[in-house]
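Residue strings, one per chain:
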Amino acid sequence: MTRVLFFAVLAGAIAVPASAQAPAGPCKSVFDAVLKMTATPHHAVTSMNGTTRAESIATDDAMYVKLKGAWMKSPVPLKNTLALQQENIRNTTVASCTPLPDELVDGKPAVGYQAHYEQKDTGATDAKVWLSKANGMLLRTDVSLQAGQKTSEVTTFDYDHILAPVVK
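Let us look at the structure shown here.

Rules used throughout
- Residues numbered from 1 in each chain as written.
- Predicted model: local features only at pLDDT ≥ 70, side-chain atom pairs only at ≥ 80, totals over all residues.
- Heavy atoms only, no water.
- Buried < 20%, exposed > 50% of the residue type's maximum accessible area, 1.4 Å probe, protein only.
- Helix = DSSP H or I, 4+ residues; strand = E, 2+ residues; numbered from the N terminus.
- Pairing = 2+ DSSP bridges.
- Axes fitted to C-alpha atoms, helices over the stretch in contact; angles between N-to-C directions.
- Contact = heavy atoms within 4.5 Å.

Attention now moves to the pairing of strand 7 (residues 123–132). Burial of strand 7 is extensive: seven of the 10 residues sit out of reach of the surface. By the bridge criterion, 10 bridges tie strand 6 (residues 108–119) to strand 7 in an arrangement that is antiparallel. When the sheet's bridge partners are listed, A115 is paired in strand 7 with A127. Here strand 6 folds back onto strand 7, and the loop between the two strands holds three residues. With six bridges joining them, strand 7 and strand 8 (residues 138–144) adopt antiparallel strand pairing. The residue bridging K128 from the neighbouring strand is D142, located in strand 8. Linking strand 7 back to strand 8 in an antiparallel pair, the connection comprises five residues, with G136 at a positive phi of about 75°.

Below, the structure written as structure tokens:
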């Protein structure tokens, strides 16, 4: 779950204080984007092989997760997620981020990174990460859940016109 929270951030969201920044290093802009995303209302969709596996909407005060076709409000308190994100960054023992050529992601100019990070409890992870050139926001991640795997989970992030879904 640590890895999923780290890049897909599907368990919850919280406002990030302006002072919350990642430590300096080769992945600072990627880690900062993850922290910044938790402060911003967004819609995230995660898929594998073209099939949606998870969907979430974060508003200013709550996270909603779509399960079995129905939206539910996450029971995870919002105040816990920033701490989890910061802990994930602190627990990273190896981190490398190599710039990729700029490209468009959903029509938006983006800078890409090939990221590799390792944590004691979860092992190694490889990911391609795209950040908006306009504001540094996370636009897309393509994460191999174990470094070198051929299968990956793709998560796209949208920040426009975010409203809480209808919960039944």
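Attention now moves to the sheet that holds strand 4 (residues 70–73). What the nine strands build is an open sheet, ordered 4-3-2-1-9-8-7-6-5; its pairing is antiparallel. The outermost strands of the open sheet, each flanked by one partner alone, are strand 4 and strand 5 (92–105). Averaged over all pairs of adjacent strands, the angle between strand axes in this sheet comes to 20°, irrespective of strand direction. Here strand 8 pairs with strand 9 (residues 153–158) via four bridges, running antiparallel. Its bridge partner being in strand 9, T141 is matched across the sheet by T155. Across the face of the sheet, helix 2 (residues 28–38) comes into contact with strand 1 (42–48), strand 5, strand 6, strand 7, strand 8 and strand 9 while running at roughly 75° to strand 7.

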